[in-house]
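# Notes for the structure review
The chain contents come next:
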Amino acid sequence: MDPKIIQGGNFSDDRGSISYVNDFTFGNIERFYVISNSEEKPIRAWQGHKLDAKNFYCICGSFKIHFVKIDNWEKPSSNLKIETITVSALDSKIVHIPAGYANAIQSLEKDSKLLSFSTLPLVDVKDDDVRYSFDYWKIDG
C-alpha cells in the first residue's frame, strides 16, 4: 500500500463550522496522540514503523509530513527519496502512511497541533518502532 490523502471538507453557517473526513474509518485504530513540536525544534525526525500505519490530521496551524519507504531496517539507504505532504487546519484531510515507512513531522507555524492515529496496539510498539538520527535523511527548507 502507498501513502495516500483521504480528503475531507469544511462546512460553515451561522452556527459555526465543522471540519470532517467522512471517508476515514476508525476500524483499525488502536490509539492516538496529539503532536505539538517546540519552537526551538520544529522538526520531529525520523521514526520508522515496520507494522504500524499512521494517519495524520492537522487540528491547528500547519505541518509538513515527510516520509521515506524503508529499504533495509538495520541500515537503510541514506539517499532514499523523501516525499512530503503539507497539511493545514484549513484543509480537512488525513494523510495515511502505511507500515514500512519512516516519517518526520515539521511544524510550519507556532502552536500547531497534529493528531496521529496509530493502528498497532501499544503492547507491540517495542518491536515496531525504529528511530534514525535527525539528519539521516536531509529535509530541505
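Worth saying up front: this structure is predicted, and the values here are computed from it rather than measured. (Residues numbered from 1 in each chain as written. Predicted model: local features only at pLDDT ≥ 70, side-chain atom pairs only at ≥ 80, totals over all residues. Heavy atoms only, no water.)

## Concerning the pattern of salt bridges
What counts, and what does not: In what follows, salt bridge is the name for a side-chain nitrogen of Lys or Arg lying within 4 Å of a carboxyl oxygen of Asp or Glu. Partly exposed residues are those whose accessible area sits between 20% and 50% of the maximum for their type, while under 20% is buried and over 50% is exposed, using a 1.4 Å probe and protein chains only.
Enumeration over the complete set of coordinates arrives at 7 salt bridges. Among the ionic pairs, Lys54 bridges to Asp52, the shortest N-O distance being 3.1 Å. Each member of the pair, Lys54 together with Asp52, is buried. Here Lys126 and Asp127 are joined by a salt bridge, their closest N and O atoms 3.6 Å apart. Several salt bridges converge on common partners, so that one network encompasses Arg31, Asp52 and Lys54.

## So, the state of the cysteines
Just so we agree on the cut-off: Our working definition of a disulfide is a cysteine sulfur pair at a distance within 2.5 Å.
The tally for this structure, following the rule as stated, stands at 0 disulfides. Residue Cys58 stays outside any disulfide, its sulfur separated by 7.0 Å from that of Cys60, the closest cysteine.

## A short note on the environment of Val95
Under the convention used in this document: A run of H or I in DSSP counts as a helix once it spans at least four residues, and a run of E counts as a strand once it spans at least two, with each numbered from the N terminus. Any two residues whose heavy atoms approach within 4.5 Å are treated as being in contact.
Tracing the chain through its elements places Val95 in strand β9 (residues 93-97). Linking Val95 and Pro121, residues 26 residues apart in sequence, is a C-alpha distance of 20 Å. Residues contacting Val95, with those up to four places away along its chain left out, are Lys4, Lys54, Asn55, Phe56, Ile65, Ile85 and Val87.

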